[in-house]
Amino acid sequence: MLWLLALSSPRRACLAHPTQLLRLRGGQSPGELSDVWKKRLQAAVEAQQRDQLGEAAELYRMAMELHPPLQGAWPVLTNYGLSLQPSDPAKAADAFRKAVELAPDDKAKADSHFNLANALTDASQPDEADAAYGACLALVPDDGGAHYNRGALRLTRGDAKGALPCMEAAVRLSPQDAKAHLGVADCNMRLGRPEEAEASYAVSRKLRPEHALTWASSGNCAEERGEYEAAETHWKRSLQLAPDDGVYCNLGSMLRRLNRMRESRDAYAAALALNPRSVDAHIGMGKAYTAPAGGAGSEAQRRHYAAFLARTYGEALKLSPEHVGANLAVAEGLHMWGEHGPCPELGGRSAIDFYRAVLQLAPDNTNAATHAAYDGAVPEGGPAPQAGTFGEADAPPGESVAALIAPLPPPGASEAEVAAAACSLTGGVRWTRTRRRSTSA
């Protein structure tokens with residue numbers, strides 16, 4: 001299952017009128033101002049208010065260069081760091097470290113530690129970031145935002161046990177904060193407590209009913225609890241709010257396990273319409289194939305399936321050649337259908353070639369090791385595959401399957417007719433769909 005997590009990293013700005021920004025440490029007056037650097041400072045504040053942070057950072061830098069006393073002004077350094085952070089978080093952290101030293105009181109110092117922690121998080125320095133959040137909380141223990149951000153940082157590092165008390169503190173301090181309840185729920189899910197997680201997800205859904213990620217995570221939780229109808233409802237609600245290929249993959253996977261193959265393929269097709277490079281969606285589509293009724297012993301049907309593998313698992317391998325799951329899926333698919341020799345649709349490679357590829361990537365894979373050990377023991381033609389319901393392959397939702405899959409040639413068809421059917425499938429119609437952007441703040 002693809003895990004989804006909502007994170008937030010609020011910044012504490014000190015935006016003010018330039019005359020307020022120019023109060024230096026100890027209440028000193030800068031005296032007569034140069035019109036040039038004063039204009040730069042004014043323009044920097046205005047650019048930051050317009051959220052043009054790159055421009056603001058450069059203007060703050062110019063103002064401090066033109067008038068060095070500004071380099072000792074806590075508000076200027078704070079605003080400079082906030083403007084610089086998106087483009088250069090490490091350099092922003094340097095500005096916040098100096099701001100910590102220059103802070104006029106404990107509240108300002110706590111805010112500086114908070115901003116420093118956010119910048120260090122963005123700069124991929126998690127240990128230092130965690131310590132900076134701790135320094136902020138030592139000064140202001142009831143800072144809900146710091147508790148939340150520290151919990152989010154720990155959760156992204158895989159420390160759900162350490163993150164949970166942070167998220168619970170954030171909930172106690174801000175009971176109406178939907179994202180804090182979502183954080184508690186995510187921690188409990190990671191800790192294997194889906195019942196406790198659902199209680200928090202329910203609160204978060206009530207507080208923020210239009211947040212797609214909350215519904216998506218609620219679907220993950222419902223599936224974990226075996227409540228498949230609820231999982232489907234939650235995921236579909238999430239997709240209504242913000243289409244997402246990962247959520248479609250989760251839905252497709254569950255529907256496949258429930259033997260709702262056509263709907264599963266529809267979900268994977270929607271995922272690929274949003275993200276044609278989704279390895280998980282290509283693999284999922286491959287798993288959603290069902291065998292033709294009456295068996296699959298004919299050469300035409302075997303070629304049909306091999307071409308289907310090329311369209312699904314094969315595409316996944318093109319995108320990620322060292323994907324263990326994709327290599328194993330191709331090997332299993334070929335073996336199950338009695339395709340033990342070279343497969344022309346997959347570059348002439350055979351099932352054993354894919355099993356060996358798996359062993360190179362994952363030497364401890366017992367499935368691949370077993371098949372590799374018995375290489376050559378399976379008689380030519382292999383065992384007859386299980387009969388089932390004819391799969392309609394990877395048709396997009398609402399479109400005709402016939403547009404994508406060539407009909408099988410009749411019994412007794414020539415090799416040329418069989419090859420033509422396979423080529424038609426392999427080069428079938430592709431579809432596109434307008435991609436929408438999802439938000440998760």
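From a predicted model like this one, the values you see are computed outputs, not experimental measurements.

About the criteria used
Residues numbered from 1 in each chain as written. Predicted model: local features only at pLDDT ≥ 70, side-chain atom pairs only at ≥ 80, totals over all residues. Heavy atoms only, no water. Helix = DSSP H or I, 4+ residues; strand = E, 2+ residues; numbered from the N terminus. Buried < 20%, exposed > 50% of the residue type's maximum accessible area, 1.4 Å probe, protein only. Contact = heavy atoms within 4.5 Å. Areas by Shrake-Rupley, 256 points an atom, 1.4 Å probe, with all protein chains shown as cover. Salt bridge = Lys/Arg side-chain N within 4 Å of Asp/Glu carboxyl O. pLDDT = per-residue confidence, 0-100. Axes fitted to C-alpha atoms, helices over the stretch in contact; angles between N-to-C directions. Parallel < 35°, antiparallel > 145°, perpendicular 65-115°, else oblique. Left-handed = near helix turned anticlockwise from the far one by under 90°. Nonpolar A, V, L, I, M, F, W, Y, C, P; charged D, E, K, R; others polar. Phe/Tyr/Trp six-rings, centres within 6.5 Å; stacked < 30°, edge-to-face > 60°. Lys NZ or Arg CZ within 6 Å of the ring centre and 35° of its normal. Expected span 1.5 Å × (residues − 1). Arc of directions from axis to C-beta.

### A look at the overall build of the protein
Point 1. Of regular secondary structure, the protein possesses 22 helices and 0 strands.
Point 2. Of all 441 residues assigned to the protein, the portion counted as buried reaches 50%.
Point 3. Nonlocal contacts in the protein, meaning residues at least 24 apart in sequence, comprise 58% of its contacts between residues at least 6 apart.
Point 4. With the model as given, the accessible surface of the protein reaches about 20,700 Å², and the carbon-plus-sulfur share is 51%.

### Considering the pattern of salt bridges
Point 1. On inspection of all chains with the given rule, the structure shows 19 salt bridges.
Point 2. The shortest N-O distance in the salt bridge between R205 and E198 comes to 2.9 Å.
Point 3. With a shortest N-O distance of 3.4 Å, R225 and E227 are connected by a salt bridge.
Point 4. Residue classification places E227 among the partly exposed positions, given a relative accessible area of 34%.
Point 5. Each of E232, K236, R260 and E263 takes part in one network of salt bridges that share partners.

### Concerning the confidence of the model for the protein
Point 1. Across the protein, pLDDT averages 80, with 76% of residues at or above 70.
Point 2. Long-range and interchain partners of residues 1-11, a stretch whose pLDDT sits below 50, account for 47 contacts in this model, where long-range means more than four residues apart.
Point 3. In this model residues 376-441 is a low-confidence stretch, pLDDT under 50, and it forms 116 contacts with partners more than four residues away in sequence or in other chains.

### Overview of the packing of helix α5 (residues 89-102) against helix α6 (residues 106-122)
Two measures define how a pair of helices packs: the angle their axes make with one another and the distance between the axes.
Point 1. At their nearest, the axes of α5 and α6 sit 8 Å apart, and the two run at 165° to each other. Taken together, α5 and α6 sit at an angle that is classed as roughly antiparallel. Of the two possible hands of crossing, α5 and α6 adopt the one that is left-handed. Between α5 and α6, the residues in contact are P89, A92, A93, F96, R97, A99 and V100 and K109, S112, H113, N115, L116, A119, L120 and D122, respectively.
Point 2. Broken down by class, the residue content of the contact of α5 with α6 amounts to 9 nonpolar, 3 polar and 3 charged.

### Quick notes on unusual backbone geometry
Point 1. Here the phi dihedral of D51 falls at roughly 70°; this positive angle occurs in a residue that is not glycine.
Point 2. Tracing the backbone through its elements, the reader meets D51 in the loop between α2 (35-49) and α3 (53-66).

### Overview of the packing of aromatic side chains
Here a ring pair, both rings aromatic, is described through the centre-centre distance and the interplanar angle of the planes.
Point 1. Counted according to the given criterion, the structure contains 3 aromatic pairs.
Point 2. With a centroid separation of 4.9 Å and an interplanar angle of 45°, the aromatic rings of Y289 and Y305 are classed as tilted. Of this pair, Y289 sits in the loop between α16 (279-287) and α17 (299-311) while Y305 sits in helix α17; the two residues are 16 residues apart in sequence, bridging distant segments of the chain. Comparing Y289 with Y305, the two get one shared label, buried.
Point 3. Three or more aromatic residues joined by ring pairs form one cluster here, namely Y289, Y305 and F308.
Point 4. We note K179 situated over the ring of Y148; from NZ or CZ to the ring centre the distance is 5.1 Å.
Point 5. Here the basic side chain of R349 rests over the ring of F354, its NZ or CZ set 4.1 Å away from the ring centre.

### So, α17
Point 1. With 13 residues, α17 extends 18 Å between its outermost C-alpha atoms, agreeing within 8% with the 18 Å of an ideal straight helix rising 1.5 Å per residue.
Point 2. Judged by how many residues are buried, α17 sits mostly within the fold: 12 of 13 residues are covered.
Point 3. Along α17, the residues classified as buried are A300, Q301, R302, R303, H304, Y305, A306, A307, F308, L309, A310 and R311.

### Some points on α3
Point 1. End to end, α3 covers 20 Å across 14 residues, agreeing with the expected 20 Å (1.5 Å per residue, within 8%).
Point 2. If you check which residues of α3 are buried, you get A56, A57, L59, Y60, A63 and M64. Projection of α3 onto a plane perpendicular to its axis shows the buried side chains occupying an angular sector of 165°, all on one side. The exposed residues of α3 that point more than 90 degrees off its buried face are G54 and E65.
Point 3. Each element contacted by the buried residues of α3 is listed here: α2 and α4 (74-84).

### Here we look at the side chain of N188
Point 1. When you line up the elements, N188 lands in helix α10 (residues 178-190).
Point 2. Relative accessible area serves as the criterion here: at 7%, N188 is assigned to the buried category.
Point 3. If we skip the residues at most four places from it in the chain, N188 touches L164, R193, E196 and A197.

### Here's the deal with the packing of helix α7 (residues 126-139) against helix α8 (residues 144-156)
Point 1. It is at 10 Å that the axes of α7 and α8 come closest, and there the two elements cross at 160°. Here α7 is positioned roughly antiparallel relative to α8, judged by the angle of their axes. In the packing of α7 onto α8, the handedness of the crossing is left-handed. Of the residues in α8, those in contact with P126, A129, D130, Y133, G134, C136 and L137 of α7 are A146, H147, N149, R150, L153 and R154.
Point 2. Among the residues forming the contact of α7 with α8, the class breakdown is 7 nonpolar, 3 polar and 3 charged.

### What about the environment of R40?
Point 1. Checked against the element boundaries, R40 lands in helix α2.
Point 2. Between the C-alpha atom of R40 and that of R61, which follows or precedes it by 21 residues, the distance is 9.1 Å.
Point 3. Among residues more than four places away in sequence, those in contact with R40 are L59, M62, A63 and L66.

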